[in-house]
Amino acid sequence: MHKPKKIPAKWYFKMAWRDARKSKSRLLLFISSITLGIAALVAINSFSSNLKDDINGQAKELLGADLELSSNDSSFHYSFLDTLSIEVSYENSFASMVFFPKNQQSRLVDVRSLKGDFPYYGKIETEPLEAENTFRDGSRKALVDKSVMIQYDIQTGDTIRVGLINFKVEGALLSTPSQSLGATLVAPAIYIPMDYLSATGLVQKGSRVNYSKFYRINDLPENFDLDEQLRADRDTLRLLDIRTETVAERKEETGETFDNLADFLNLVAFVALLLGCVGVASAVHIYMKEKIKTVAILRCMGGKGIDAFLIFLIQMSTVGLIGSLIGALIGVFIQRVLPVIFQGFLPVDVTLSISWPSILGGIITGLFISVLFALAPLLSVRNTSPLITLRASEDQPSITKDRLIWMVYGSIFLFVVSFAFVQIGNLRDSLYFTLFVLLAFVFLGLVAKLFMWAVRRFFPTNAGYIWRQGLANLYRPNNQTLVLIASIGLGTALITTLYFIQTLLINEVEVTTDNDRPNLMVFDIQTYQKDQVAELARSNGLPILQQVPVVTMRIQSINGYDLETIIADSTSERRTSPYRREWRVTYRDSLIASETIARGSLGFPEDMEGKSDLPPVSLENDYASRNNIELGDTIVWDVQGFPIETVLGSTRTIDWERVQTNFLALFPTGVLEQAPQFHVLITRVSDKEAGALFQREVVKNFPSVSVIDIGLILDTLDEILDKIAFVIRFMALFSIITGLLVLISSVILSKFQRIRESVLLRTMGGSKRQILLINSLEYFCLGSMASISGILLALVGSWGLAFYTFDSTFAPNLLPILVVFVSITGITIVIGLLNSRGILDKPPLEVLRNEI
Amino acid sequence: MGNKILEVENLSKVYSNAHRELTVLSDINFNIKEGEKFSIVGSSGSGKTTLLGLCAGLDNASTGTVKLNGITLNGLNEDERAKVRNAHVGFVFQNFQLLPTLTALENVMVPLELRGESNVRKRSLELLDRVGLADRHDHYPTQLSGGEQQRISIARAFSNSPKILFADEPTGNLDEETSQKIESLIFELNRELGTTLVMVTHDLELANKTDRILRLKGGQIIEENELTSTENA
């Protein structure tokens, strides 16, 4: 007897190639499932890597200095810096109106008066380039934010008025260090020389000015850690009300912001990958079903189960590797597009470079996913009975007893949890997400089984042939109803959930522009100007919707504890933020429309022992809770040098989305009337011209009074939100296209089973119309059951995400649901019919010869 | 002919499901000697294909034993039985059962490659030539007629020089003329290589060309005939 030798390893590769060369189209579909997900992953990781490198490399340019100190006290001083050799620049900034004589319009801006050579690193980017230097030549020149110049049609050389004096516009301000997107939305910046600040007349006692000093430190000793020094002096700096920012802190803050962006992008890539995994699993499942006969023949001839497994494992691994390589290549191209997509949001110039770790990571991930999700169907062929060669109806052994397959399922579960954890950063949420996906599969499987049972049980046997044949195809032996409903259904669920959440997030940040809501806010009105401003509004036909006094104050102590005591006690858990903020407080005896009482009541408390004669103040409920300030606590306020003792009588819940003068702290009447205060007036203008006219009159008659045009802010915000929405939709496209590819490949791969049936019907005289109708019916049922199930899952998933994660209300629209249902079902039918068309136009035998 | 190459004792096969038990084979006993030509005949549903599968080690018996070339198949796992098949057995199927993604030559090579043998191309080409299809070696099964596919299948069955050849209705899907050619080819190769032939057929004329006929009905042996040399000439 011949003694068998070990099969050489290259034979498995040879067999894998022999089998694959006739299955290229099927394997191409398999590749398509993972390509886009890997492309998204590589693009995003490469882009993030470039961005991180640039943030690190350009860190000093982010701040423009080695250290920034700021305070609301103009005389602040940090004595430690006296020991170093430093250069210092000064910037005093405040919100004020700027007037454009050219077109008689005005706007709220952030006036920054500058003295010194700041920025020491990087530059203030201007148009023309030299304007950054020429505006510091000592004459009355200004740099104006480019968006303001465009908005108000201001050119270089035009005049603007800031307070009492005019400046010549030297150039457009494109970007500066220390500029945040949010701040520029409300009050874009203009720079003026500090020498002319007092001449503007805008800085007076009580004005809210931010005083900043920027330092370049020339002789920092080696190994000296500035951040460590500042941490050591933290308490002193707090007491002096000095805020600090170093390069490391700015780098960290910028990095964190873009870490959040990267996390979002990775989540999108993760969804695309997950869909790809579903595609791989369903494609391999369908593919291996067709290979059962091949495996049975091999087993007849003496091949072991492991031999067949290895052959197809090599195939799947190779295809997975090719798909990952293609995906990585596409990802490198998309990486070039991302800076264009995110233009306007990036704080640094992004230098594009190939990130080999990202590419390698993407390829390895793609290969790993391909193998992991192909393993379960591959492992099941090990137990294929050779008896199938004699009897095609022979049942495949059950997989429920196969321990290896269960280990694979366990590994898949762990993988999804781990990957989700890397993206979401929260183990509990990752587990919930994975369990949801698992339950989704179970649900889809049950839907498929229930549907097949119901059709068999209830469909009338005297119905027309087309109906009976089309529906019978759903539960024929070796049908793919379950696989198709699961893959199409899950794809639909993920895409639809992504769409719903995307819409929810965009709606969350949209500010409604209700026609009855206020859209103009006039503030910094002194008491003596109050009546005149109100009269001006009335004379312009504008309603006075609200007119409130605002008193600036600080907290001196809470329940006898002041800031010094708290800082001195290292064991104290009391928060210091209430002491360090400058409070803007109003006084009234009633609530406004955006407030409701959460705890206690307005008015003098009856049951506060020994405190019933103290004025009761009301705090915003969340703020009070966060800072552990309870009802009955005594709060002593420093009202510009004068202490006032109060008791916390109530807390309020405030609807911050309403455009009203909402205050964290509210005093009763009869306490603050004599305190130094300014006033805010809120009105509504019906059109832009009326608003512009009113603003012009305010600026002309009351130069120190400022106006916020909320409508203008909303317009600008809309533009920014449109950009954000575009970014979200662009990234979501990866997932949507992958989902469609999974759907298409699932349907196409399942065609091979129908070929013989369609050919048989054709041979027996079935017309093209009949066969197309039969197939249409089958695909309609599959597509509609899958899309309905997927939509139901998406509704549940979106509600869960909205409620638990985003703390929001989920209110889906019917239209997108209908669009999804029609699209998914339609695509399924169209792809299915395109499959069939090739069969019906050729002679039956030719079809059988071409299709293995 | 001398030693027993296949010994079947008290063989039964029962299929059970939730509702009932179905006895497909009951208490089958027979032996086949080396070099013999043996046919199993019976009408559809008589259990002949099931018996063939059990004898070839493709399935597990419910009771009884099957010994193939001295190796008891009961108690062997699937991989062990596969090893036995690769070493001793050749198959010819009614539906040809060629691997559709492999060429004619590659199909013939597979049993030898499964043994770990190298340089099998020459032997395989010789076998293809023997069945008259050397010039079609690079064609795929879909490019071949039924008769041609069956000839490839026969070449494959003999490629590993089997001790015993199992043929399940080898001419069942072929026209008369082609069937004659296939029959002749099987018997010729059988004679040349000294292989034992076990054939399942419902064609009595074909069965009469073998040395012994086992007749099944309702899963039981109803007759066992040894044919004289004149009867199977």
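Calculation rules
Residues numbered from 1 in each chain as written. Chains lettered and ligands numbered in written order. Predicted model: local features only at pLDDT ≥ 70, side-chain atom pairs only at ≥ 80, totals over all residues. Heavy atoms only, no water. Buried < 20%, exposed > 50% of the residue type's maximum accessible area, 1.4 Å probe, protein only. Helix = DSSP H or I, 4+ residues; strand = E, 2+ residues; numbered from the N terminus. Contact = heavy atoms within 4.5 Å. Polar contact = N/O pair within 3.5 Å; in protein donor to acceptor, adjacent residues only side chain to side chain. Axes fitted to C-alpha atoms, helices over the stretch in contact; angles between N-to-C directions. Left-handed = near helix turned anticlockwise from the far one by under 90°. Nonpolar A, V, L, I, M, F, W, Y, C, P; charged D, E, K, R; others polar. Pairing = 2+ DSSP bridges. Core = buried A, V, L, I, M, F, W, Y, C linked by side-chain atoms within 4.5 Å. Parallel < 35°, antiparallel > 145°, perpendicular 65-115°, else oblique. Patch = residues over 30% accessible without salt bridge, like charges linked within 9 Å, V, L, I, M, F, W, Y side chains within 5 Å. Areas by Shrake-Rupley, 256 points an atom, 1.4 Å probe, with all protein chains shown as cover. Salt bridge = Lys/Arg side-chain N within 4 Å of Asp/Glu carboxyl O. Buried area = accessible area lost by both parts, 1.4 Å probe. Phe/Tyr/Trp six-rings, centres within 6.5 Å; stacked < 30°, edge-to-face > 60°. Lys NZ or Arg CZ within 6 Å of the ring centre and 35° of its normal.

Here we come to helix 2 (residues 78–88) of chain B. Here helix 2 of chain B has its buried residues at Arg-81, Ala-82, Val-84, Arg-85, Asn-86, Ala-87 and His-88 of chain B. Structurally, helix 2 of chain B contributes buried residues whose contacts are with helix 11 (292–300) of chain A together with strand 4 (63–68), strand 5 (71–72), strand 6 (89–92), helix 3 (104–114) and strand 7 (164–168) of chain B. One side-chain oxygen of the residue at the start of helix 2 of chain B lies 3.1 Å from the amide nitrogen of Asp-79 of chain B, identifying that residue as Asn-77 of chain B.

All names here are of chain A. For the pair helix 1 (residues 9–20) and helix 12 (residues 305–341), interaxial distance at closest approach is 8 Å and the crossing angle is 65 degrees. Judged by the sense of rotation from one axis to the other, the crossing of helix 1 with helix 12 is right-handed. Within the contact between the two elements, helix 1 uses Trp-11, Tyr-12, Phe-13, Met-15, Ala-16, Asp-19 and Ala-20 and helix 12 uses Asp-307, Leu-310, Ile-311, Phe-312, Ile-314 and Gln-315. Grouping the amino acids of the contact of helix 1 with helix 12 by side-chain chemistry returns ten nonpolar, one polar and two charged.

Residues in a regular strand project their side chains so that they alternate between the two faces of the sheet. Residue and element names in this part refer to chain A. Of all the five residues making up strand 1 (residues 67–71), five are buried; the element is thus mostly covered by neighbouring parts of the structure. Neither face of strand 1 is exposed, since Leu-67, Leu-69 and Ser-71 on one face and Glu-68 and Ser-70 on the opposite face are all buried. Inspection of the sheet shows strand 1 paired to strand 9 (residues 210–217) by five bridges, in the antiparallel sense. Looking across to strand 9, one finds that Leu-69 is bridged to Lys-213. Of the pairings in the sheet, the one linking strand 1 to strand 10 (residues 243–246) comprises four bridges and is antiparallel in character. Bridged to Ser-70 within strand 10 is Arg-243.

What follows concerns the sheet that holds strand 4 of chain B. Residue and element names in this part refer to chain B. Taken in spatial order, the four strands make up an open sheet running 2-1-4-5, and their pairing is antiparallel. Each edge of the open sheet is held by one strand with a lone partner, namely strand 2 (21–33) and strand 5. Of the strand pairs in this sheet, strand 1 (residues 4–16) and strand 4 are connected by five bridges, and their pairing is antiparallel. Residue pairing in the sheet places Glu-7 in a bridge with Lys-67 of strand 4.

Turning our attention to the nonpolar core. Residues and elements named next belong to chain A. In this structure, Phe-373 and Leu-378 are the most contacted members of the largest nonpolar core, which totals 115 residues. Discounting residues that sit within four places of it in the chain, Phe-373 has contacts with Cys-277, Val-280, Ala-281, Ile-412, Phe-415 and Val-416. Counting residues in hydrophobic clusters, the runner-up holds 37 residues, among them Ile-160, Ala-172, Ile-217 and Leu-237.

Moving on, we come to the packing of helix 2 (residues 24–57) of chain A against helix 12 of chain A. All names here are of chain A. Running from amino to carboxyl end, helix 2 crosses helix 12 at an angle of 40 degrees, the nearest separation of the two axes being 5 Å. Considering the angle they form, helix 2 stands oblique to helix 12. Crossing of helix 2 over helix 12 shows right-handed handedness. Residue composition of the contact of helix 2 with helix 12, by class: 20 nonpolar, nine polar and no charged.

Let's shift gears to a nonpolar patch on the surface. Residues and elements named next belong to chain A. A surface patch of nonpolar side chains, amounting to about 660 Å² of accessible area, comprises Phe-421, Val-422, Leu-427, Leu-431, Tyr-432, Leu-435 and Leu-438. Examining the composition of the nonpolar patch, we find that five residues originate from one element, helix 15 (residues 427–458), more than from any other. Inspection of the secondary structure assignment puts Tyr-432 in helix 15.

Taken together, the 36 residues of chain B in the interface contact 38 residues of chain A. It is Gln-97, Thr-101 and Leu-114 of chain B that lose the most area in chain B upon contact with chain A, and together they represent 19% of the buried surface on that side. Taken together, chain B and chain A are joined by five salt bridges. In this structure, the salt-bridge partner of Asp-79 of chain B is Arg-299 of chain A, at a minimum N-O distance of 2.9 Å. Across the chain B-chain A interface, the total number found is twelve residue pairs in polar contact (both at pLDDT 80 or more). Per-element accounting of the side of chain B that touches chain A gives the leading share, seven residues, to helix 2 of chain B.

So, about the packing of aromatic side chains. The geometry of an aromatic ring pair is captured by the separation of the ring centres together with the interplanar angle, meaning the angle of the planes. Inspection of every chain in the model, using the stated rule, returns 23 aromatic pairs over all chains. The interplanar angle of 90 degrees and the centroid separation of 5.4 Å between the aromatic rings of Trp-453 of chain A and Phe-458 of chain A together place this pair among those described as edge-to-face. Centre to centre, the rings of Phe-500 of chain A and Phe-810 of chain A are 5.3 Å apart; their planes meet at 65 degrees, and the pair counts as edge-to-face. Note that Phe-500 of chain A is positioned in helix 17 (residues 481–509) and Phe-810 of chain A in the loop between helix 25 (768–805) and helix 26 (814–840), a separation of 310 residues in sequence. Considered together, Phe-500 of chain A and Phe-810 of chain A belong to a single accessibility category, that of buried residues. Among the aromatic side chains, those forming a connected cluster through ring pairs are Phe-270, Phe-368, Phe-373, Phe-415, Phe-419 and Phe-433 of chain A. The positively charged end of Lys-22 of chain A is found above the aromatic ring belonging to Tyr-140 of chain B, 4.3 Å away from the centroid. Here Arg-574 of chain A stacks its cationic end above the ring of Tyr-561 of chain A, 3.6 Å away from the centre of that ring.

A separate point is the sheet that holds strand 10 (residues 220–226) of chain B. Residues and elements named next belong to chain B. Across the sheet, which stays open at both edges, the six strands sit in the order 6-7-8-3-9-10 with mixed pairing between neighbours. The open sheet has two edge strands with one neighbour each: strand 6 and strand 10. Each adjacent strand pair in this sheet contributes to an overall mean axis angle of 15 degrees, direction not counted. Contacts between helix 2 and the sheet are confined to strand 6 and strand 7, with strand 6 contributing the most and set at about 85 degrees to the helix. This element, helix 5 (residues 146–159), spans strand 6 and strand 7 of the sheet and lies at about 175 degrees to strand 6.

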